Amino acid sequence: MTWLWRIFFSFLWLAPAWCATVKGEVVLTDSRDPGVRHNRDFSGVVVWLEPVNGDPPRTVASRRYRMEQKDKHFKPHVLAIPVGAAVDFPNKDPIFHNVFSNYNGQIFDLSLYRPKTSKDVVFKRPGIVRVFCNIHPTMSAVIAVLDTPWFDVSGVSGYFEIRDVQAGGYTLHIFHERATDETLKELAQPVAVEDGAPRILPAIRISETGYIPAPHKNKWDKDYPPGVEDQPAYAPH
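Considering the sheet that holds strand β7 (residues 86–90)
Pairing between the strands of a sheet comes from backbone hydrogen bonds, and it takes one of two forms, parallel or antiparallel. If you trace the three strands from one edge of the open sheet to the other, you get β3-β7-β10, paired in mixed fashion. Two strands bound the open sheet, and with one partner strand each, they are β3 (64–66) and β10 (118–122). Averaged over all neighbouring strand pairs, the angle between strand axes comes to 30°, with direction disregarded. As paired strands, β7 and β10 are joined by five bridges and run antiparallel to one another.

A short note on the nonpolar core
Ranked by size, the top nonpolar core spans 58 residues in total, and within it Phe89, Phe123 and Ile143 carry the most contacts. With six residues, strand β12 (residues 140–146) is the single largest residue contributor to this core. Setting aside residues no more than four positions away along its own chain, Phe123 makes contact with Ile81, Val83, Gly84, Ala85, Val87, Phe89, Gln106, Phe108, Val129, Ile143 and Val145.

With respect to the pattern of salt bridges
Tallied over the full model, the rule gives eight salt bridges. The residue Asp223 makes a salt bridge to Lys217 at a minimum N-O spacing of 2.6 Å. The exposed category is assigned to Asp223, whose relative accessible area is 56%. Salt bridges sharing common partners tie together Arg64, Asp88 and Asp120.

Things to note about unusual backbone geometry
Here the amide bond leading from Lys75 into Pro76 is cis, since omega sits at 0°, within 30 degrees of zero. Here Pro76 lies in the loop between β5 (73–75) and β6 (78–82). Positioned with a positive phi, Ser111 is a non-glycine residue whose angle comes to about 60°. Here Ser111 shows up in the loop between β9 (108–109) and β10. Within the chain, Asp164 stands out as a residue other than glycine whose phi angle is a positive 55°.

Quick notes on the rules
- Throughout, a residue's number is its position along its own chain's written sequence, starting from 1.
- Where totals are concerned, whole chains, interfaces and linings use all residues; where local detail is concerned, this predicted model gives features only for residues with pLDDT of at least 70, and gives and counts side-chain atom pairs only at 80 or more.
- In computing side-chain values, all of the structure's heavy atoms are included and hydrogens and water are not.
- Criterion used throughout: strands pair if DSSP finds at least two bridges between them.
- Helix numbering and strand numbering both begin at the N terminus, where a helix is a DSSP run of H or I of at least 4 residues and a strand a DSSP run of E of at least 2.
- A fitted line through C-alpha atoms represents every axis, and for helices the fit uses only the stretch in contact; the resulting angles, taken between N-to-C directions, go from 0 to 180 degrees.
- Among buried residues, the Ala, Val, Leu, Ile, Met, Phe, Trp, Tyr and Cys ones that are joined through side-chain atoms within 4.5 Å form a nonpolar core.
- Each residue is assigned to one of three classes by its accessible area relative to the maximum for its type, calculated with a 1.4 Å probe on protein chains only: buried under 20%, partly exposed between the two thresholds, exposed over 50%.
- Contacts are assigned to residue pairs with any non-hydrogen atoms lying within 4.5 Å of each other.
- Any Lys or Arg side-chain nitrogen located within 4 Å of an Asp or Glu carboxyl oxygen qualifies as a salt bridge.

It is worth stressing that arrangement in space is one thing and function is another; only the former is reported here.
As structure tokens, this is what we get:
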């Protein structure tokens, strides 16, 4: 019986060798953003792999993700999740918030809710979801809902690491909110992954040329009223 257990644990030890890690870094160029220009902050770029042949494995999205509202900001500003995952939106501020998305990706409206409470959304289809607060016009975030288990979001240094990638051919895709659709399409590239061998990609340079920032509307597609955001309470109409 002992030999059976040895074989079983040998397979567990060898299992990680069947998969590989894809590593790399992104570099943002031609940026007007102060964090990029002065601090070389290359965070918030979503990178994912889609198999060239066949669909990616379907996995049960049991993990819950989190996007806090703190100091009138969404944290993290960019979040990547698999299709079917739930995201909690806790209100950590001493004021009301109203999280919503009304175009692209999945439309939802969590309505007004109090400090120290939380609401959630299950994201059922892939897409880029733009998230806003109906009270605070400066609050915005992005949720990338991906139909693949292989993804990551770059850190401040631009580094990303996609783990447990099965051997095969893939197309690498990128999303960056300050890059045009044309730029992102041009950055898509083939990636070959071998069993257990780390795949280190050349640096990926993402130009922000052509990006034009614009204020967003509230959930009724109107301009935000002045002065509302500093009040502790809020009437929705």
